[in-house]
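If you want the building blocks of each chain, they are given just below.
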Amino acid sequence: MFDLSVFDNLTQKQKYESLLSMMDSLLKDETDVIANLSNASALIKALVSDVNWAGFYIIKNNELVLGPFQGLPACNRIQAGKGVCGTSALKGETMLVKNVHSFPGHIACDSQSNSEIVIPLKQNNKVYGVLDLDSPTVGRFDEEDKIYLEKAVEIINKYVNWEEIN
């Protein structure tokens, strides 16, 4: 049973440290990709403050397809190179967007989202998808978020065989 109240008085950095430890414990004994991505998105949404959407898009047939997530319904498919997620997948690099309304070609799945961070899911230099987080607050994400979320993706990659999904 999860009790999120134990995290109430922690700083975001302390929450991230807890997230990394919990992520490793939560995923290490499970081999199913969907189960691991589902728990990862739930844990991220629970411990990263001021986030209205956290989830995954997986590359299938050269487009991003919606995977496990926490938040309002989202776009089912995103073309590579389109929006923040598609750009991150195409470039293979983390995209930190302070104001999504100033990002050319931004795809608005949730009208409440104002900032976004997208981390590519890569193994052996191949991009298999992205981890996407949205916030209703302009400028919500910073370098600390980038560092910790990239570490979270490293843990996910340790327990997910992306070849199984494609």
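Here, every reference points to the structure presented above.
So, here is what we can say about the structure in this document.

Cut-offs applied
- Within each chain, residues carry numbers counting from 1 in the order of the written sequence.
- In keeping with the predicted nature of the model, local features appear solely for residues at pLDDT of at least 70, side-chain atom pairs appear and are counted solely at 80 or more, and the whole-chain, interface and lining totals rest on all residues.
- Values shown for side chains rest on all heavy atoms present in the structure; no hydrogens or waters enter the calculation.
- In the cavity and pocket records, a cavity denotes points on a 1 Å grid over the protein atoms alone where a 1.4 Å probe fits but cannot get out, a pocket denotes an open set with protein on both sides within 12 Å along at least 5 of 7 lines, and lining residues are residues with an atom within 4 Å of a point.
- Grid points are joined across faces, edges and corners, and a volume is the space filled by probe spheres set on the points.
- Strands are runs of DSSP state E lasting at least 2 residues, helices are runs of H or I lasting at least 4, and numbering of each runs from the N terminus.
- When residue character is reported, Ala, Val, Leu, Ile, Met, Phe, Trp, Tyr, Cys and Pro are called nonpolar, Asp, Glu, Lys and Arg charged, and the others, Gly included, polar.
- Any Lys or Arg side-chain nitrogen located within 4 Å of an Asp or Glu carboxyl oxygen qualifies as a salt bridge.
- For each residue, the accessible area found with a 1.4 Å probe, counting protein chains only, is set against the maximum for its type, and the residue is called buried under 20%, exposed over 50%, and partly exposed in between.
- If DSSP finds at least two bridges between two strands, the strands pair.
- A pair of aromatic rings is counted whenever rings of Phe, Tyr or Trp (Trp by its six-membered ring) have centres within 6.5 Å, and the orientation is called stacked for planes under 30 degrees apart, edge-to-face for over 60 and tilted otherwise.
- For a lysine, the NZ atom is tested; for an arginine, the CZ atom; a charge sits over a ring if that atom is within 6 Å of the ring centre and within 35 degrees of the ring normal.
- Every axis corresponds to a line fitted to the C-alpha atoms, with the helix fit spanning only the stretch in contact, and the corresponding angles, defined between N-to-C directions, vary from 0 to 180 degrees.
- We call two residues in contact whenever any of their non-hydrogen atoms come within 4.5 Å of each other.

**Here's the deal with empty space enclosed by the protein**
A full pass over the atoms with the stated rule returns one cavity of 30 Å³ or more. The volume enclosed by the largest cavity comes to roughly 140 Å³. Put simply, the parts of the chain that give the lining of the largest cavity at least two residues each are β1 (53-60), α3 (83-91) and β6 (126-135). Ranked by residues supplied to the lining of the largest cavity, first place goes to α3 with three residues. Residue classes in the lining of the largest cavity are distributed as nine nonpolar, three polar and five charged.

**Notes on the pattern of salt bridges**
Evaluated as defined, the whole model comprises four salt bridges. For the salt bridge of Arg-140 with Asp-145, the shortest nitrogen-to-oxygen distance reads 3.0 Å. Glu-150 is the salt-bridge partner of Lys-146, the closest N and O atoms lying 3.2 Å from each other. On the criterion of helical spacing, the pair formed by Lys-146 and Glu-150 is a turn pair, its members being four residues apart in helix α4 (residues 143-159). With a relative accessible area of 22%, Lys-146 lands in the partly exposed category.

**Quick word on the pairing of β1**
Of all eight residues in β1, six are buried; the element is thus mostly enclosed. Inspection of the sheet shows β1 paired to strand β2 (residues 63-71) by seven bridges, in the antiparallel sense. Each residue of the ladder has a partner; that of Gly-55, found in β2, is Phe-69. Taking the residues between adjacent antiparallel strands as the criterion, β1 and β2 are bridged by two residues, where Asn-61 takes a positive phi near 50°. For β1 and β6, the ladder comprises six bridges, and the chain directions are antiparallel. Looking at β6, one finds that Gly-55 is bridged to Asp-132.

**Details of the packing of aromatic side chains**
Counting across every chain of the model gives four aromatic pairs. Here Tyr-16 and Tyr-148 contribute two aromatic rings whose centre-to-centre distance is 5.0 Å and whose plane-to-plane angle is 5°, an arrangement assigned as stacked. Taken together, the residues Tyr-16 in helix α1 (residues 12-27) and Tyr-148 in helix α4 connect sequence positions 132 residues apart. In this structure, Tyr-16 and Tyr-148 share a single accessibility class: buried. Ring plane angle 25° and centroid distance 6.0 Å describe the contact between Trp-53 and Tyr-57, whose orientation is recorded as stacked. Linked through ring pairs, Trp-53, Tyr-57 and Phe-69 together constitute an aromatic cluster. Above the face of the Tyr-148 ring, Lys-151 is positioned so that its terminal group lies 5.2 Å from the ring centre.

**Side note on the sheet that holds β1**
Read across the open sheet, the six strands follow the order β3-β2-β1-β6-β5-β4; overall the sheet is antiparallel. Only two strands of the sheet have a single neighbouring strand rather than two, namely β3 (77-79) and β4 (95-97). Each adjacent strand pair in this sheet contributes to an overall mean axis angle of 25°, direction not counted. The sheet strands contacting helix α2 (residues 33-47) are β1, β2 and β6, and the helix crosses β1 at an angle near 150°. Helix-sheet contacts for α3 involve β1, β2, β3, β4, β5 (115-123) and β6, and the interaxial angle to β5 is about 30°.

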